[in-house]
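# Architecture and fold: a report
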Protein chains: 2
Amino acid sequence: MADQHELRDKGLRLTPQRELVLAAVRALEHATPEEVAEKVKLTHPGINLSTVYRNLETLENVGLVQHSHLGHGGVRYHASTEEIHAHLNCESCGTIIEVPIDATASFTQSLLDGYGFHTDLAHLAIAGRCESCFNKP
Amino acid sequence: MADQHELRDKGLRLTPQRELVLAAVRALEHATPEEVAEKVKLTHPGINLSTVYRNLETLENVGLVQHSHLGHGGVRYHASTEEIHAHLNCESCGTIIEVPIDATASFTQSLLDGYGFHTDLAHLAIAGRCESCFNKP
DNA sequence: AAGTAAGTGCAAAGCCTTCGCAATTAGTGT
DNA sequence: ACACTAATTGCGAAGGCTTTGCACTTACTT
């Protein structure tokens, strides 16, 4: 019921595929479209990958999910309700370190002051190297 | 001559294609492989796109060029001699604002202190909205 | 219960990038 | 200058990932 309203209040039809895509994004955190599809297939094996893509886009349009670009590779989706955080992406080992957005406040403030830029650190990862990779050759 | 030594000192053969790719990257700043190819074609129409890709990779391996991920889209190459800067990428209008790396020092230091993370702000753009887009609906 | 517009599945196409392979060519030694 | 060898090139094809067109299905409206 709650779910029904959640989607329908946004003007979306309530299809099993759509519900499952939303549920999968919420359960997985930082999931690629492919991973979302895998998850959905557990309960709805027939779902098509393009349906997943379309629903991710739709759900993003109404604000229920969002995507970020974490590594070099692909897009990842997360629920809008997740706590906002920046991602530090180690270019060597691929580890993702999550940083509470509070810890970045003074930096984003300085970009606002200096450049009038309203920063959204959640959307793109920050590249670099984690401690252990940095200490390796 | 200078160019010859520059490439050959790195252990690379001096082919017209390679020289032109390097020159194009230097001239264009933040160019996509496609743009580099276009530029090279002005003086060497026969060049193949895959040759451009391979040379960009090769030139990067020896440190003459580097790539960054600026927008949603593709990779962009710049000469290693360019001053290092972070990129603020407006998600609405696509504008890129360059920020001297000095201006980010205290932020990267705090990531080092707090997470042991060695940040490379030049490699991935920082997403957000520029002043004028922010003030629009 | 019927109508209609949104949503789905499927297959194909589109980008961007990489790869295999045969032909070419830069740099080396003669 | 000439021949040799390995690097480099062009070409075509293939590979990911994502989008699209279209006919069929289905959720919601009345």
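Residues numbered from 1 in each chain as written. Chains lettered and ligands numbered in written order. Predicted model: local features only at pLDDT ≥ 70, side-chain atom pairs only at ≥ 80, totals over all residues. Heavy atoms only, no water.

UniProt, in the comment section headed Sequence similarities (unreviewed entry), describes chain A in these words: "Belongs to the Fur family." (UniProt positions renumbered as here; feature names shortened; annotations may be inferred.)

## So, the overall build of chain A
Tallying secondary structure elements over chain A gives 6 helices and 6 strands in all. Listing each helix as α and each strand as β along chain A from the N terminus yields α-α-α-α-β-β-β-β-α-β-β-α. A principal-axis box enclosing the C-alpha atoms of chain A has dimensions of 45 × 40 × 20 Å. Burial status across chain A gives 40% buried among its 137 residues. The long-range share in chain A, meaning contacts at least 24 apart out of those at least 6 apart in sequence, stands at 45%. In chain A, 11 side chains carry a positive charge and 18 a negative one; their mean positions are 9 Å apart. (Helix = DSSP H or I, 4+ residues; strand = E, 2+ residues; numbered from the N terminus. Buried < 20%, exposed > 50% of the residue type's maximum accessible area, 1.4 Å probe, protein only. Contact = heavy atoms within 4.5 Å. Lys, Arg positive; Asp, Glu negative; His and termini not counted. Charge placed at Lys NZ, Arg CZ, Asp CG, Glu CD.)

## A word on the relation of the copies chain A and chain B
The two chain copies are connected by a rotation around an axis plus a translation along it. For these two chains of identical sequence, chain A goes onto chain B by a turn of 178 degrees and a shift of 0.1 Å along the axis, with RMSD 0.3 Å. Expressed as a symmetry operation, the mapping of one chain copy onto the other fits a two-fold axis. Minimal C-alpha distance to the rotation axis in chain A is attained by phenylalanine 107 of chain A, lying at 2.9 Å. Here 100% of the contact residues of chain A are again contact residues in chain B; the copies associate through an equivalent surface. (Least-squares fit on C-alpha atoms with pLDDT ≥ 70 in both.)

## Structural notes on the packing of aromatic side chains
For the coordinates displayed, the defined rule picks out 1 aromatic pair over all chains. Centroid distance phenylalanine 107 of chain A to phenylalanine 107 of chain B: 4.0 Å. Interplanar angle 0 degrees. Geometry classified as stacked. Placement of phenylalanine 107 of chain A in helix 5 (residues 105-115) and of phenylalanine 107 of chain B in helix 5 (residues 105-115) is noted, with the two residues assigned to different chains. Accessibility classification places phenylalanine 107 of chain A together with phenylalanine 107 of chain B in one group, the buried group. (Phe/Tyr/Trp six-rings, centres within 6.5 Å; stacked < 30°, edge-to-face > 60°.)

## Considerations on the packing of helix 2 (residues 16-28) of chain A against helix 4 (residues 49-61) of chain A
All names here are of chain A. For the pair helix 2 and helix 4, interaxial distance at closest approach is 10 Å and the crossing angle is 70 degrees. As far as their axial angle goes, helix 4 and helix 2 are roughly perpendicular. Listed contacts from helix 4 to Gln17, Arg18, Val21, Leu22 and Val25 of helix 2 are Thr51, Val52, Asn55, Leu56, Thr58 and Leu59. Counted by class, the contact of helix 2 with helix 4 contains 6 nonpolar, 4 polar and 1 charged residues. (Axes fitted to C-alpha atoms, helices over the stretch in contact; angles between N-to-C directions. Parallel < 35°, antiparallel > 145°, perpendicular 65-115°, else oblique. Nonpolar A, V, L, I, M, F, W, Y, C, P; charged D, E, K, R; others polar.)

## Looking at the domain arrangement of chain A
All names here are of chain A. Structurally, chain A comprises domain 1 (2-77) and domain 2 (83-133). A straight line from the C-alpha centre of domain 1 to that of domain 2 covers 25 Å. Taken together, the contacts link 7 residues of domain 1 with 10 residues of domain 2. In total, about 610 Å² of surface goes out of reach between domain 1 and domain 2, with carbon and sulfur atoms giving 51% of it. On the domain 1 side of the interface with domain 2, the three residues burying the most area are His30, His69 and Leu70, jointly 67% of the side's total. Summed over the shared surface of domain 1 and domain 2, the number is 0 salt bridges. There are 7 residue pairs in polar contact (both at pLDDT 80 or more) connecting domain 1 and domain 2. (Domains from an automatic or database assignment. Buried area = accessible area lost by both parts, 1.4 Å probe. Salt bridge = Lys/Arg side-chain N within 4 Å of Asp/Glu carboxyl O. Polar contact = N/O pair within 3.5 Å; in protein donor to acceptor, adjacent residues only side chain to side chain.)

## What to know about the environment of glutamate 6 of chain B
Residues and elements named next belong to chain B. Among the structural elements, glutamate 6 can be located in helix 1 (residues 2-8). Sequence separation of glutamate 6 and glutamate 82 is 76 residues, and the distance between their C-alpha atoms is 16 Å. Once residues lying within four places of it in the same chain are set aside, the contact partners of glutamate 6 are Arg26 and Leu64. In terms of polar contacts, glutamate 6 uses its side chain to reach the side chain of arginine 26, at 2.5 Å.

## Some remarks on helix 3 (residues 33-43) of chain B
Residues and elements named next belong to chain B. Listing the buried residues of helix 3 in full gives Pro33, Val36, Ala37 and Val40. Down the axis of helix 3, the sector holding all buried residues measures 100 degrees, keeping them to one side. Close packing links the buried residues of helix 3 with helix 2 (16-28), helix 4 (49-61) and strand 2 (75-79). (Arc of directions from axis to C-beta.)

## Some remarks on the environment of threonine 43 of chain B
As for its placement among the helices and strands, threonine 43 of chain B is situated in helix 3. In sequence terms threonine 43 of chain B and proline 16 of chain B are 27 residues apart; their C-alpha atoms lie 9.9 Å from each other.

## Considering the pairing of strand 1 (residues 65-69) of chain B
Residues and elements named next belong to chain B. With 4 of its 5 residues buried, strand 1 lies for the most part within the structure. Note that strand 1 and strand 2 share 5 bridges and pair antiparallel. Across the sheet, the residue bridging to valine 65 is alanine 79, located in strand 2. (Pairing = 2+ DSSP bridges.)

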